[in-house]
Amino acid sequence: MTTDFLILGAGVIGLAIARELKRRQPTASIVVLEKEAEPGRHSSGRNSGVLHSGLYYAPDSLKARLCRQGAREMAEWHVEHGIALHRCGKILTPLAAEDAPHMESLYARAQANGVRVERLDAQELRELEPETRSATGAALWIPETAVGTPVEVMKTLAREVREAGVALWNNAELTRVDTVARQALLKHGERLDFGYAINAAGLHADRVAHQFGLGRHYALLPFKGLYWQLKADAGIHLRHLIYPVMDLRTLTLGIHTTTATNGVTYLGPTAVPAFGREHYRGLHGVRPIEALRMLRDLGRMFLHDSEGYRQQAWQEGKRYFRHWFLEAVQALLPNVRAEHLVPAAKVGLHPRIFDQRRGALLKDFVIEQDAHSLHILGATSPAWTSAFPFARHICERIENPEAGAPDRAAPVQPS
Ligand SMILES: Cc1cc2nc3c(=O)[nH]c(=O)nc-3n(C[C@H](O)[C@H](O)[C@H](O)COP(=O)(O)OP(=O)(O)OC[C@H]3O[C@@H](n4cnc5c(N)ncnc54)[C@H](O)[C@@H]3O)c2cc1C
């Protein structure tokens, strides 16, 4: 069989690209390969569902460019398709007096990125969200942040893409590729000739890119995002998402709250190293050879203390344990007690992109491309928020490869 476009991976990025390509080239044939039994089994169906405002990202980054527009489009798309959307806004609160300058940096960053942000004094904070605290009395309010419903989005998007005429193949894992003949070999022996391949394989995107001979100095490092949830009878009712003020140089957003559209409040996620690309629980998904490679890369970062990694590793690592996780929660919500928390079934893996040449994690999306293929590496948060404009960006890159060249030199930026 032959297809004009072959998309690898039916996460939100693969499906959004299929949708956009079909709009631009209605007569082109498009096949999306998904190794699982249905789309969205990995990051796209396991995330917090926050439609991020675009507050954190360096103003010249791809993330900043795509996130604000993406949040608007994703919110409209929820409404258009009758999918639950919670327009709750977000509060950022400093947990220590030393966070005051970081709060100012966040305020300036929000303004540079065109994100609506308001300062709150102690009285206003108490009125808006009485459960939280601020070490300085002040806080920031981002009214436009919303929460969507990831699993529903994936089901609806898959249906929309199929109805538009895209072939969506489940249980279809790409195992090998012949780049000269432009032929994909699937797990069960099928072969598929393609004109152009787009790699949106999420946690496996580096391995797929390497099969195409691209991105050899990049490797994905998975970090585990574990959540706890607040019991419904805890008596703690939050109106907003609540995040700690963080140093823009750090790699994670810190333990925060997300009240999902079904009313459940999640706390987390953590960002602790995982030892396999699908190492969600226990030892399931641990791959010893990969784990050794990951330990080596983590060890390099620890040794060089790149991006202040040592302190972050210590801080995040502790949160694997209930005691320290609770400590982080109580810094944000002092009334939460141990008996108010239960482990959540939800767990996701963040594929962070490690640049072997620099020995550091990159924070922007990285796109590698040649004449017949394009590869999306490190599509971490806010890729879910940004999916629709991200898909347009990819299609423009395919139509005009030279226009996107600066993306290849992605600088280190906060996620
Ligand atoms: C804990 C957590 C919380 C997050 N919270 C947010 C948030 O609140 N807001 C936000 O915007 N973003 C959030 N994100 C990020 C967001 O979920 C991801 O950026 C986004 O889902 C990435 O989508 P994707 O399509 O690139 O990857 P995925 O959803 O992982 O999809 C890739 C697909 O490729 C398939 N695949 C892999 N290899 C092959 C192969 N060889 N052959 C065929 N198929 C293959 C996989 O099975 C998978 O379905 C979060 C992520 C995590 C982990």
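Quantities reported herein were computed from a predicted structural model and do not represent experimental measurements.

Parameters at a glance
- Residues numbered from 1 in each chain as written.
- Predicted model: local features only at pLDDT ≥ 70, side-chain atom pairs only at ≥ 80, totals over all residues.
- Helix = DSSP H or I, 4+ residues; strand = E, 2+ residues; numbered from the N terminus.
- Rg over C-alpha atoms; globule rule 2.2 N^0.38 Å.
- Buried ≥ 20, exposed ≤ 12 C-beta atoms within 10 Å, placed from the backbone.
- Contact = placed C-beta atoms within 7 Å.
- Axes fitted to C-alpha atoms, helices over the stretch in contact; angles between N-to-C directions.
- Parallel < 35°, antiparallel > 145°, perpendicular 65-115°, else oblique.
- Left-handed = near helix turned anticlockwise from the far one by under 90°.
- Nonpolar A, V, L, I, M, F, W, Y, C, P; charged D, E, K, R; others polar.
- Near = placed C-beta within 6 Å.
- Pairing = 2+ DSSP bridges.

**A few points about the overall build of the protein**
No. 1: Each helix and strand counted, the protein has 11 helices and 20 strands in total.
No. 2: For a compact globule of 415 residues, the expected C-alpha radius of gyration is about 22 Å, and the protein comes in at 21 Å, within 12% of that figure.
No. 3: Considered along the principal axes of its C-alpha atoms, the protein spans approximately 65 × 50 × 40 Å.
No. 4: Counting over 415 residues, the protein shows a buried share of 47%.
No. 5: If you take every contact in the protein between residues at least 6 apart in sequence, the share linking residues at least 24 apart comes to 76%.

**Side note on the packing of helix α1 (residues 12-24) against helix α11 (residues 383-399)**
No. 1: Between α1 and α11, whose axes approach to 8 Å, the crossing angle comes to 40°. Taken together, the axis directions place α1 and α11 in an arrangement best described as oblique. α1 and α11 meet at a crossing whose hand is right-handed. Contact with α1, carried on its side by Val-12, Ile-13, Ala-16, Ile-17, Arg-19, Glu-20, Leu-21 and Arg-24, involves Ala-383, Trp-384, Ala-387, Phe-388, Phe-390, Ala-391, Arg-392, Ile-394 and Cys-395 of α11 and no other residues of that element.
No. 2: Of the residues that constitute the contact of α1 with α11, the class distribution is 13 nonpolar, no polar and 4 charged.

**Concerning the site of the ligand**
No. 1: For the ligand, the set of nearby residues contains 41 residues, the closest of which are Gly-9, Gly-11, Gly-202, Gly-225 and Gly-348.
No. 2: Contributions of two or more residues to the shell around the ligand are made by α1, α2 (43-46), β17 (341-355) and α11.
No. 3: The class makeup of the residues in the shell around the ligand is 17 nonpolar, 18 polar and 6 charged.

**Regarding the sheet that holds strand β6 (residues 139-142)**
No. 1: Pairing is mixed in the open sheet, where 4 strands are placed in the order β5-β6-β4-β13. Of all strands in the sheet, those with a lone pairing partner are β5 (118-120) and β13 (241-244), marking the two edges. Geometrically, the sheet is characterised by an average inter-axis angle of 30° between neighbouring strands, direction not taken into account.
No. 2: By the bridge criterion, 3 bridges tie strand β4 (residues 90-93) to β6 in an arrangement that is antiparallel. Along β6, the bridge assignment pairs Ile-91 with Trp-141.

**Quick notes on the packing of α1 against helix α6 (residues 150-163)**
No. 1: Between α1 and α6, the shortest axis-to-axis distance is 10 Å and the interhelical angle comes to 30°. In terms of axis orientation, α1 runs roughly parallel to α6. With respect to the hand of their crossing, α1 and α6 are arranged in left-handed fashion. Between α1, through Val-12, Leu-15, Ala-18 and Arg-19, and α6, the contact on the second element is made entirely by Val-153, Met-154, Leu-157, Ala-158, Glu-160 and Val-161.

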